[in-house]
Amino acid sequence: MNKNETVLKLAEQGVIAVVRGKTMEDGIKTADACIAGGVKAIELAFTTPRAQEAIKTLVDKYKDAPEVIIGAGTVLDAPSARIAILEGAQFIVSPSFNEEVVRMCNLYRVVSCPGVMDPTGVMQALTAGADIVKIFPGDIVGPKMIKDIHGPFPQAPLMPSGGVNAENTAEWLHAGAVAVSAGGSLTGPAKKGDYAGVTEMAKKFVKAVADARA
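Residues numbered from 1 in each chain as written. Predicted model: local features only at pLDDT ≥ 70, side-chain atom pairs only at ≥ 80, totals over all residues. Heavy atoms only, no water.

Caption draft 1: Here's a closer look at the state of the cysteines. Tallied over the entire structure, the rule returns zero disulfides. No disulfide involves Cys34; its sulfur sits 17 Å from that of Cys113, the nearest cysteine. The thiol of Cys105 is not disulfide-bonded; the next cysteine sulfur, from Cys113, is found 8.1 Å away. According to the relative accessible area criterion, Cys105 is buried, its value standing at 0%. (Disulfide = S-S within 2.5 Å. Buried < 20%, exposed > 50% of the residue type's maximum accessible area, 1.4 Å probe, protein only.)

Below, the structure written as structure tokens:
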């Protein structure tokens, strides 16, 4: 899959699951639960122990399921991005803008999603060649930020992260976000080992996206 196809699939999915496992095994089980519920774009955070192994395990496990997209999150530097890419990550998400991370992604033709909070960050990310700009923290700026940024930057593909839940997903998408990024509001039950609960939350997010686009 080339990076343009990945961008289109992420937008089509509408929601990306941010998975932060307590252990590598927990991260994999949480990702499996999200996928079982229909959220098939997985951002496996590098805060997860042995994150690169978890990414490779998931990539290998779903190699025959083209609708599943495995990426890496909380990528803070270019070496970490390269490690994730070599393990098969199809997209790289960062909490902040690091030009070297974006350049590394562009070198390997992998989707980059740096996090920014203001118009200056959006301009820097787009100029560097970012594919999707993550608006973070979303719970601080709110959905109106998407519309405001699209005033001077109508071409910017924006994705909120932080404070996104099944109840406000429609608001973000209607504001112009290409997709939403959901962490604890989606994967929270996994903290208690309730992976079935994660699957049920994933189903709610999938329905929220479908309803918003109906």
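Resuming the write-up.
Caption draft 2: Inspection of the sheet that holds strand β6 (residues 115–116) at higher detail. Taking strand neighbours across the sheet as the criterion, the three strands line up as β6-β7-β8 in an open arrangement whose pairing is parallel. On the outer flanks of this sheet lie β6 and β8 (158–160), each paired with one strand and no other. One ladder, built from three bridges, connects strand β7 (residues 133–135) with β8; its direction is parallel. Counterpart to Lys134 in the pairing with β8 is Met159. (Pairing = 2+ DSSP bridges. Helix = DSSP H or I, 4+ residues; strand = E, 2+ residues; numbered from the N terminus.)

Caption draft 3: View of the packing of helix α4 (residues 78–86) against helix α5 (residues 99–107). Relative to each other, α4 and α5 sit at 30 degrees, their axes nearing to 8 Å. One way to sum up the angle between α4 and α5 is to call them roughly parallel. As α4 packs across α5, the resulting crossing turns out to be right-handed. Here Ala78, Ala81, Arg82 and Ile85 of α4 lie close against α5, whose contacting residues are Glu100, Val101, Met104 and Cys105. Grouping the constituent residues of the contact of α4 with α5 by class yields six nonpolar, no polar and two charged. (Axes fitted to C-alpha atoms, helices over the stretch in contact; angles between N-to-C directions. Parallel < 35°, antiparallel > 145°, perpendicular 65-115°, else oblique. Left-handed = near helix turned anticlockwise from the far one by under 90°. Contact = heavy atoms within 4.5 Å. Nonpolar A, V, L, I, M, F, W, Y, C, P; charged D, E, K, R; others polar.)

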